[in-house]
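Structural overview for review
Here's the letter readout for the chains.
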Amino acid sequence: MKKDLEAKIYLKALGLVEEPLKQYSDELCDYSIAYVFDNYEEFKQYFIDNDCSHANDDKFLKNCIMKKTKKGTIITLKRLCDCVITRKMKETIINDEEVVTNDIEDKPKTKIK
C-alpha cells in the first residue's frame, strides 16, 4: 500500500508501526500498532467483515478514527478496532429469538461532583 506523505509523517511522529495484515484478534496487542486504510470505505468494510453490530453507524465509526489525512487515508489503532469489535460481540446477547444490545448511550448519565 502506498501511503500519502501526511500519513507517513503522522505514523513517524507518534511512533506507530503499521500492521499490513488487517485481521481481527481478540488478544490485546501493543498500543503502537496501527492500521492504515486507503479510504473510509475500506475502514468501514473492516468492521462489516468482522460482524461489528455498529458497522453501518458512521457516527460510531468516526470515533475510532485517530487521523484522516487530506487524501482520505484513515489511521487508527489496531487495539482500538479490535476492542470495539470484541465489546460489541460480548454485548450482543441472544435471549430466545430476540437480540438485545447494550450501548453506551443506553446507560444513564451521572453528574460528576
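Before any of the text, the structure's been laid out above.
Read on for an overview of the structure. No experiment lies behind these values; they were computed from the predicted model shown.

With that settled, consider the overall build of the protein. Along the protein, the regular secondary structure elements total 4 helices and 6 strands. Start at the N end of the protein and walk to the C end: the helices and strands fall as α-β-β-α-α-β-β-α-β-β. Of all 113 residues assigned to the protein, the portion counted as buried reaches 35%. In the protein, the proportion of contacts linking residues at least 24 apart, taken out of those at least 6 apart, comes to 53%. Working note: accessible area of the protein is about 8100 Å², and carbon and sulfur atoms make up 52% of it.

Moving on to the pairing of strand S4 (residues 74–77). The side-chain alternation of S4 yields two buried faces, one formed by Ile 74 and Thr 76 and the other by Ile 75 and Leu 77. Relative to S4, strand S2 (residues 33–37) runs antiparallel, the two being bridged by 4 bridges. Counterpart to Val 36 in the pairing with S4 is Ile 75. As defined by bridge partners, strand S3 (residues 67–68) adjoins S4 across 2 bridges and the pair is classed as antiparallel. Counterpart to Lys 67 in the pairing with S4 is Ile 75. From the end of S3 to the start of S4, which pair antiparallel, there are 5 residues, and Gly 72 there has a positive phi angle of about 95°.

Time to look at the pairing of S2. Judged by how many residues are buried, S2 sits mostly within the fold: 4 of 5 residues are covered. Relative to S2, strand S1 (residues 17–18) runs parallel, the two sharing 2 bridges. In the sheet register, Glu 18 faces S2, and the bridge partner there is Ala 34.

Attention now goes to helix H2 (residues 40–49). What H2 keeps buried is the set Tyr 40, Phe 43, Lys 44, Tyr 46 and Phe 47. Taken around the axis of H2, the buried residues stretch over an arc of 145°, which confines them to a single face. Exposed residues pointing more than 90 degrees away from the buried face of H2 are listed as Glu 41 and Asp 49. Where H2 begins, one side-chain oxygen reaches toward the backbone nitrogen of Glu 41, 3.2 Å away; that side chain belongs to Asn 39.

Let us now look at the sheet that holds S1. A sheet is described by the order of its strands in space; here 4 strands give the open sequence S1-S2-S4-S3, paired in mixed fashion. Looking at the sheet topology across the chains shown, the edges are occupied by S1 and S3. Sitting on the sheet, helix H1 (residues 5–14) is in contact with S1, S2, S3 and S4, with an inclination near 20° to S4. Its contacts with the sheet put H2 on S2 and S4, and the angle it makes with S2 is roughly 120°.

How each quantity is defined
Residues numbered from 1 in each chain as written. Predicted model: local features only at pLDDT ≥ 70, side-chain atom pairs only at ≥ 80, totals over all residues. Heavy atoms only, no water. Helix = DSSP H or I, 4+ residues; strand = E, 2+ residues; numbered from the N terminus. Buried < 20%, exposed > 50% of the residue type's maximum accessible area, 1.4 Å probe, protein only. Contact = heavy atoms within 4.5 Å. Areas by Shrake-Rupley, 256 points an atom, 1.4 Å probe, with all protein chains shown as cover. Pairing = 2+ DSSP bridges. Arc of directions from axis to C-beta. Polar contact = N/O pair within 3.5 Å; in protein donor to acceptor, adjacent residues only side chain to side chain. Axes fitted to C-alpha atoms, helices over the stretch in contact; angles between N-to-C directions.

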